[in-house]
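Notes for the structure review
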Amino acid sequence: MAASSFRVARRRVQNAIFVGFCYAVTAVALIALAAILFTLLKNGAAGINLDLFTKAVPPEGEKGGLADGIIGSILMCGEGMAIALIIGILAGTWLAEYGGTSRYGIVVRFLNDVLLSAPSILIGLFVAQIMITAFIHHPSGYAGGVALALLAIPVITRTTEDVLLLQPVSLRESGVALGTPFWTVIRTIIWRASSSGILTGALLAFARISGETAPLLFTALGNNFISFDMYHAMSALPLSIFQLTTGSADQVQLAWTGALLVSAAVLVVTIVARLLSQEQKRG
Amino acid sequence: MTDASISATLPDAARRRSSPRGAGFDIWFEYACFAAATTVLVALGGVLVVLVFYGWPAFATFGLDFFTSSTWDPVKNVYGGAGPIVGTLITAILALMFSLPVAGGVAFFLVEFCPPFLRRPIGTAVELLAGIPSIVYGMWGYLVFAPFFAAKIEVPIQAVAANAPGSLLDTLTAGVPDGYGILAASIILAIMILPFTAATLRELLQTVPAQVRESAYGLGATTSEVIFTVTLPYVRRGAIGAVMLGLGRALGETMAVTFIIGNAHNFPKSLFDSGSTIASTIASEFSEAHDPIYSASLIALGLVLFLITFGVLAIARLMLRSQAKL
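Basis of the calculations
Residues numbered from 1 in each chain as written. Chains lettered and ligands numbered in written order. Predicted model: local features only at pLDDT ≥ 70, side-chain atom pairs only at ≥ 80, totals over all residues. Helix = DSSP H or I, 4+ residues; strand = E, 2+ residues; numbered from the N terminus. Buried ≥ 20, exposed ≤ 12 C-beta atoms within 10 Å, placed from the backbone. Contact = placed C-beta atoms within 7 Å. Rg over C-alpha atoms; globule rule 2.2 N^0.38 Å. Nonpolar A, V, L, I, M, F, W, Y, C, P; charged D, E, K, R; others polar. Axes fitted to C-alpha atoms, helices over the stretch in contact; angles between N-to-C directions. Parallel < 35°, antiparallel > 145°, perpendicular 65-115°, else oblique. Left-handed = near helix turned anticlockwise from the far one by under 90°. Core = buried A, V, L, I, M, F, W, Y, C linked by C-beta atoms within 7 Å. pLDDT = per-residue confidence, 0-100. Expected span 1.5 Å × (residues − 1). Bend = angle between axes of the 7 residues up to and from the residue.

1. Quick look at the overall build of chain B
Counting its regular elements, chain B contains 15 helices and 2 strands. Expressed as a percentage of its 326 residues, the buried residues of chain B come to 47%. Contacts in chain B between residues at least 24 apart in sequence constitute 76% of all its contacts with a sequence separation of at least 6.

2. Overview of the overall build of chain A
Scanning chain A from N- to C-terminus turns up 11 helices and 0 strands. For chain A, the α and β elements follow one another from N to C terminus as α-α-α-α-α-α-α-α-α-α-α. Radius of gyration (C-alpha) of chain A: 24 Å, far over the 19 Å computed for a compact globule of 283 residues. Within chain A, buried positions represent 50% of all 283 residues. The long-range share in chain A, meaning contacts at least 24 apart out of those at least 6 apart in sequence, stands at 74%.

3. Observations concerning the interface of chain A and chain B
Opposite the 71 residues of chain A that make contact, chain B presents 67 residues. For the side of chain A that touches chain B, the secondary structure elements donating two or more residues are helix H1 (2–45), helix H3 (67–98), helix H4 (103–116), helix H5 (120–135), helix H6 (141–166), helix H8 (182–193), helix H10 (237–244) and helix H11 (249–282) of chain A. When residues in the side of chain A that touches chain B are grouped by element, the largest group, 18 residues, is from H1 of chain A. Of the residues belonging to the side of chain A that touches chain B, the class tally is 50 nonpolar, 18 polar and 3 charged.

4. Concerning the packing of helix H5 (residues 82–113) of chain B against helix H12 (residues 236–252) of chain B
Residues and elements named next belong to chain B. Relative to each other, H5 and H12 sit at 135°, their axes nearing to 9 Å. On the basis of the axis angle, H5 is oblique to H12. The hand of the H5/H12 crossing is right-handed. When H5 is examined against H12, the residues Thr 88, Ala 92, Ala 95, Leu 96, Ser 99 and Leu 100 are found in contact with a partner set consisting of Val 243, Gly 246, Leu 247, Ala 250 and Leu 251.

5. Side note on the nonpolar core
Within the largest apolar cluster, 184 residues are counted, with the highest numbers of intra-cluster contacts made by Ala 152 of chain A together with Val 106, Ala 184, Ile 188, Leu 189 and Ile 260 of chain B. By residue number, the principal contributor to this core is helix H9 (residues 182–205) of chain B, which donates 18 residues. Excluding anything up to four places from it in sequence, Ile 188 of chain B contacts Tyr 137, Gly 141, Phe 145, Ala 256 and Ile 260 of chain B.

6. Regarding the packing of H3 of chain A against H10 of chain A
Residue and element names in this part refer to chain A. The interhelical angle for the contact between H3 and H10, taken along N-to-C directions, is 140°, at an axis separation of 7 Å. Here H10 runs oblique to H3, going by the angle between their axes. Across the interface between the two elements, Gly 69, Ile 70 and Ser 73 from H3 touch Leu 237, Leu 239 and Ser 240 from H10. Residue classes in the contact of H3 with H10 are distributed as 3 nonpolar, 3 polar and no charged.

7. Overview of unusual backbone geometry
Positive phi, close to 70°, is recorded for Leu 221 of chain A, a residue that is not glycine. By the secondary structure assignment, Leu 221 of chain A is in the loop between helix H9 (195–210) and H10. At Asn 263 of chain B, a position not held by glycine, the phi torsion is positive, near 50°. Within the secondary structure layout, Asn 263 of chain B lies in the loop between helix H13 (255–258) and helix H14 (278–285).

8. A word on the confidence of the model for chain B
In the predicted model, chain B carries a mean pLDDT of 86, and 94% of its residues have values of at least 70. The complex prediction reports pTM at 0.89, with the ipTM value standing at 0.89.

9. Points about the environment of Arg 317 of chain B
Mapped onto the fold, Arg 317 of chain B is located in helix H15 (residues 292–325). Residues Arg 317 of chain B and Met 244 of chain B lie 73 residues apart in sequence; the distance between their C-alpha atoms is 8.7 Å. Those residues in contact with Arg 317 of chain B that sit more than four places away from it in its chain are Phe 110, Asp 113 and Val 114 of chain A together with Gly 241 of chain B.

10. Digging into H3 of chain A
Residues and elements named next belong to chain A. Between its terminal C-alpha atoms H3 stretches 45 Å, which fits the 46 Å expected from 32 residues at 1.5 Å a residue. The sharpest bend along H3 reaches about 25° and sits at Ala 84. Of all 32 residues in H3, 24 are buried; the element is thus mostly enclosed.

11. Brief notes about the environment of Pro 58 of chain A
Residue and element names in this part refer to chain A. Structurally, Pro 58 is set in the loop between helix H2 (51–54) and H3. Accessibility expressed as a C-beta count within 10 Å gives 17 for Pro 58, which makes it partly exposed. The residues contacting Pro 58, other than those within four sequence positions of it, are Lys 63 and Gly 64.

12. Concerning H12 of chain B
Its 17 residues give H12 of chain B an end-to-end C-alpha distance of 25 Å, which sits within 8% of 24 Å, the value for a rise of 1.5 Å per residue. Of all the 17 residues making up H12 of chain B, 14 are buried; the element is thus mostly covered by neighbouring parts of the structure.

Rendered as C-alpha cells:
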C-alpha cells in the first residue's frame, strides 16, 4: 500500500514536472517570438512615410526611401510567379492525372519534395552560373526572377497535386462519358473545381519567395536607383535590408521599415491563403 | 445481327463520327504536363551538375586538403573548406538541440493540454511565424540580440570562467565577447526553425487517433506517460522526419547566420569564437570572387552543402512519407 502510493506520487510529480516544462517552454517561445515582432513593429513603424514609396535607397547621410527595392521585388516576384504558375500547375496536373503512380512519377514527386526545402542560396548559385554564362552576361532582374521561380515551383506543384487528388474520380468519368477530350475535362472541370486550392498554393508560394534574399544575391545583385529595367542588375526589398542593416543609424531605420513591409506582406498573403483554404473545407 | 451490319444501317455522318473538338490537343497537353514535371527533375539535377562542373577545379587543385585544411586565403589563392564545413555542422546541430525540446514542448502543449479557446490562436500564430522571412531573424539577431548576448550572457559567463583557467568552461567560452559567434548564430537559427518544427510536430501529433490516446488514459496513465509511451511511438517516423526537415533548414540557412556568425574561416576554437558556415561564406564572398579558383572553391563548398542537405532531406521525406502511409 505504502509502496504503491509512493509510486503514484512519483508518477504525479513526474507528470507535473513534464506539464510544467511544456507550459514554460511555450511561454518562453511565444515571448521570444512576440519580442521579435514587437521590435520589428516598433522600429519599423517609426520610418513609414511617403518617401518610402517614391525615393530610392539613399547614400550614407541622406534621406530616402525603398522605392527601388519595392519595384524590384514586385517585378521579380511577378516574373517568378508567372513562370512558376505555368510549370507548377502543369507539373502538379501531370502527377495527379497522368503519371503520378509510375516509377518516374514517384521519383519526380520525391525530388519535388526535396527541392521544396533545398537551400535557397544554392538555387541562386545555380541560376547565376547558368544565366550569366549562357544568356545574359551580367546580373539581371530576369535571373533573379528565374531563381525565385525555382523556389515557387515545388510549392505550387505540391499543392496542385494535393487538391486535384481531392476531386472525386466520378467527376472525371462524367466528363469523359460526355465525349469530352481529357485535357478539356482537366481544364474546364477539374481545374475549375479545385481553383481555390490552387490559388491557396500560389499565395503560399508568393509568400515564400517575397522574403527570399539568398537567391537574389548573385542573380539580381541589387542597385541603388529606381529602375524598371529587368535586363540589368536590380534591387529587391530583402537585398536593400541586407545592405542597410550594417550601415549608419538612418540606414538601419530604413532597414527596419523594409523588414516590416516584407513581413507584413508575407503575413497578409499567408492569412488570405489560410482563409481561402478554410472556406474550401467548409464549402 | 453482326456489328458490321449494324454500322451498315447507320447514316453516313454517324459512321464517320468526327472526334470531339480539341481532341487533337489531348496528347500535346499531356506532353506539356510531362515536360513541366520533368523541369523539376532537371532543376535539381541541374543544380548538382552545375555545382560539380564549376566546383571541380577546386577539388582537382586542392584534393583532400579541401576537406581537411582550414586555410582559406584569397590573397595566396589557397582554399581549404574545413572551417565552413565544420561550422555548418556545429551550428545546425546546436540549433537543433536548442529548438527541439522547445518545439516539442510547444507541440505537446497545443495538442494535449492547451485550453481550447487558446488552441487555435496559438496554433495559428506558430504557423504564421514559420513564414516570417529569415532575413528578419538575421537582422534582429544582428541589431538586438548580439548586443544583448554580449553584455548579459558572454561577459558574465567569462567572468565566472576566469576563476578557473584551463577548465572546460573556460575553453568553451574563450574569445572576444562581442556577441557574434558560433553560439549566438546557433541560438538565432534555433529561434528561426522553432515555429516551423513546432508546427510540423503539432500537425503530426494531431494524426494520432483519439481512441489510442484515450485508451491509454483509461488505463490510468498520466499525460506524460501517454505522450512518451503512446503518442510519440505512434508518430516516431514522422517525428524523425520533421526533425530532419528542421535540420535541413538550419544547414542551408543563409541570411539568419551571415549577420551574426562573424565570418572567420578558421576552425571555431570555442562557442563564443567567430566562425562561418558554407552558406554564409558563399553569401558574403561569391560576388567578389573573380579569380577562377576562388569562385570554384566557393562552388565546391556549395556542392558539399548540397550533398549534406540532400541526404538529410531525403531521409526526412522518406520518414514522413512512410508515416503518412500508416
